[in-house]
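Structural overview
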Amino acid sequence: MNYISTRNNQKDFSFKDVFLKGLADDGGLFVPKSIRQLKKDQLENFKSLSYNELAAEIIYPFIGDFMSKNKLISLISKSYSNFRSKEVVKISNLGNLKVLELFHGPTLAFKDIAMQLIGNFYQYHLGQDQKKINIIVATSGDTGAAAIDALKGKSNLNVFVLHPNNKISPVQRRLMTIHEDSNVFNIAIDGNFDDCQNLVKAMFNDEKFSKAINMSGVNSINWARIIAQSVYYFYAYFKVGNGKPLSFCVPTGNFGDIYAGYLAKKLGLPVDKLIVATNKNDILHRAISGGDYTQKKVEETNTPSMDIQIASNFERLLYDVKDCDSEVTKDVMSKIKNNSYKIDKNDLDKIKKNFISEMLDENETVEMIKIINNEHKIVVDPHTAVGIGAARKLGLEKNCIVLSTAHPCKFPQAIEDAISRTEDLPDSLNYVYDRKEKFELLPNEIEKVKGYVMNSI
Ligand SMILES: *Cc1c(COP(=O)(O)O)cnc(C)c1O
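We now turn to the structure provided with this report. (Residues numbered from 1 in each chain as written. Predicted model: local features only at pLDDT ≥ 70, side-chain atom pairs only at ≥ 80, totals over all residues. Heavy atoms only, no water.)

1. With respect to the side chain of Asn-158
In this structure, Asn-158 sits in strand β7 (residues 157-164). Given a relative accessible area of 6%, Asn-158 falls into the buried group. The residues contacting Asn-158, other than those within four sequence positions of it, are Lys-132, Ile-133, Asn-134, Ile-135, Ser-182, Asn-183, Phe-185 and Ile-457. (Helix = DSSP H or I, 4+ residues; strand = E, 2+ residues; numbered from the N terminus. Buried < 20%, exposed > 50% of the residue type's maximum accessible area, 1.4 Å probe, protein only. Contact = heavy atoms within 4.5 Å.)

2. A short note on the packing of helix α6 (residues 142-151) against helix α7 (residues 170-177)
Look at α6 against α7: their axes get within 8 Å of each other, and the N-to-C directions meet at 25 degrees. Our classification of the angle between α6 and α7 gives roughly parallel. Two packed elements cross with a definite hand, and for α6 against α7 that hand is left-handed. Residues Asp-142, Gly-144, Ala-145 and Ile-148 of α6 pack against Gln-172, Leu-175 and Met-176 of α7. (Axes fitted to C-alpha atoms, helices over the stretch in contact; angles between N-to-C directions. Parallel < 35°, antiparallel > 145°, perpendicular 65-115°, else oblique. Left-handed = near helix turned anticlockwise from the far one by under 90°.)

3. Overview of the sheet that holds strand β3 (residues 30-32)
Read across the sheet, three strands follow the order β2-β1-β3 without closing on themselves; strand pairing throughout is antiparallel. The open sheet has two edge strands with one neighbour each: β2 (8-13) and β3. Mean inter-strand twist for the sheet, computed between neighbouring axes without regard to direction, equals 40 degrees. Here strand β1 (residues 3-5) pairs with β2 via two bridges, running antiparallel. Residue pairing in the sheet places Tyr-3 in a bridge with Phe-13 of β2. (Pairing = 2+ DSSP bridges.)

4. As for the pattern of salt bridges
Per the counting criterion, the structure on display carries 26 salt bridges. Ionic pairing is found between Glu-57 and Lys-69, a salt bridge with its closest N-O pair at 2.9 Å. Of this pair, Glu-57 sits in helix α3 (residues 51-63) while Lys-69 sits in helix α4 (residues 69-80); the two residues are twelve residues apart in sequence, bridging distant segments of the chain. What makes Glu-57 partly exposed here is its relative accessible area of 31%. A residue is classified by how much of its surface remains accessible, and Lys-69, at 28% relative accessible area, is partly exposed. When the shortest N-O distance is used, the salt bridge between Asp-206 and Lys-450 registers 2.6 Å. On the criterion of sequence distance, the pair formed by Asp-206 in the loop between α8 (193-205) and α9 (207-212) and Lys-450 in helix α19 (residues 446-456) is long-range, its members being 244 residues apart. (Salt bridge = Lys/Arg side-chain N within 4 Å of Asp/Glu carboxyl O.)

5. Examining the site of the ligand
By nearness alone, 14 residues border the ligand, and Lys-111, Asp-142, Gly-253, Asn-254 and Asp-257 come closest of all. In the model, an oxygen atom of the ligand is placed 2.3 Å from a nitrogen or oxygen of the Asp-142 side chain. At a separation of 2.9 Å, a nitrogen atom of the ligand approaches a polar side-chain atom of Thr-405. With respect to the pocket detection grid, the ligand is positioned in the largest cavity. Looking at side-chain class alone, the shell around the ligand contains four nonpolar, seven polar and three charged residues. (Near = heavy atom within 4 Å. Polar contact = N/O pair within 3.5 Å; in protein donor to acceptor, adjacent residues only side chain to side chain. 1 Å grid on protein atoms, 1.4 Å probe; cavity = no way out; pocket = protein on both sides within 12 Å on 5 of 7 lines; lining within 4 Å. Sits in = over half its atoms within 2 Å of the grid points. Nonpolar A, V, L, I, M, F, W, Y, C, P; charged D, E, K, R; others polar.)

In structure tokens, the structure reads:
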């Protein structure tokens, strides 16, 4: 399978290029040149597969000659061997509603599912090609921990994680900062998540710098993450499905996880609607409900992993909506950069064929955690509560699967506000509180960050 950039569809890239670069040099995102739908009998055969077997079937066509299928199968099984759920994910019932629990990996959020695999992809690649890689990643809390856990101690690579100082929960921070491995570097930026993301983008776009350090990225723009995430849409569909189309409701920030659902639909999975659930940083809700894609200031909420105003992966959807015209997409992206873009009616109608959206503010989120706890005696994390709340507000609980993106212990404040107690960490993670933390505090200045990276490698 060949890939192109959403901003230049004339130049082909291999999966290896796409995986290692993350972002294209022209600032665009990589997408497959074309996607072939799975045949009915192929889908039928997927029904009886285990999670790992299914993952191999779905991922393999996307990676071309990067590795053999047998190698892929062994890396998948290695990646998920330490998950607390044997089948990687779990499905639970909340009345009519199904919840797909994606937080049984080592850092308690769905991001482990893609990241553990990516860590092993890197190790495989670096075993063949000895040039040291520096991975730089911005996090609003969960990505960083997942990346560090997946990459710590691996040879021939360093991982630098930028998180917004004081804007993530102590458990989230500790899951990143307690590691002693010499290839792990934590940087707390005096700013918000978008600042962190912009710093990483600026480093990528500085060709001289990124070449000099052999820079690579694992943010949710990385195509390898998208394909790894589309697996659980298939898995959940087959576990729950009665053959009818299902909707998926996804707590959304950077539009990566839900885009993986869109990919599953493009591959032929009978998906009805993809529901974008946001907090009050609602650019995607405004965009999908009314075409308004103007960025406002990021506000801190009790669902910090969705506190963003630039949903990077949305570019991939816009590229599709613009009939895969990369010149038009480039133009749209420059309008977005100048904050002067409105989605026209024709495009919006296309988007609405697949997506709908809803928003929950902080009070509604807390209220939802409480209601779910009263009704079903379970505690969900605030992001999951936004997803469940969105499905309920839209009256779409039937034939709907809500993605549960994190374990409630990661967001103690919201849980305490809702039910006046907190959730414990799973026993196997108690060590997180005992170890010493290590991170560097830096201002939101690109030269300072570059300098730190240069001095560390
Ligand atoms: C990252 C994250 C999200 C948002 O996912 P995107 O792919 O950025 O849309 C939602 N919930 C949790 C808990 C997360 O960590």
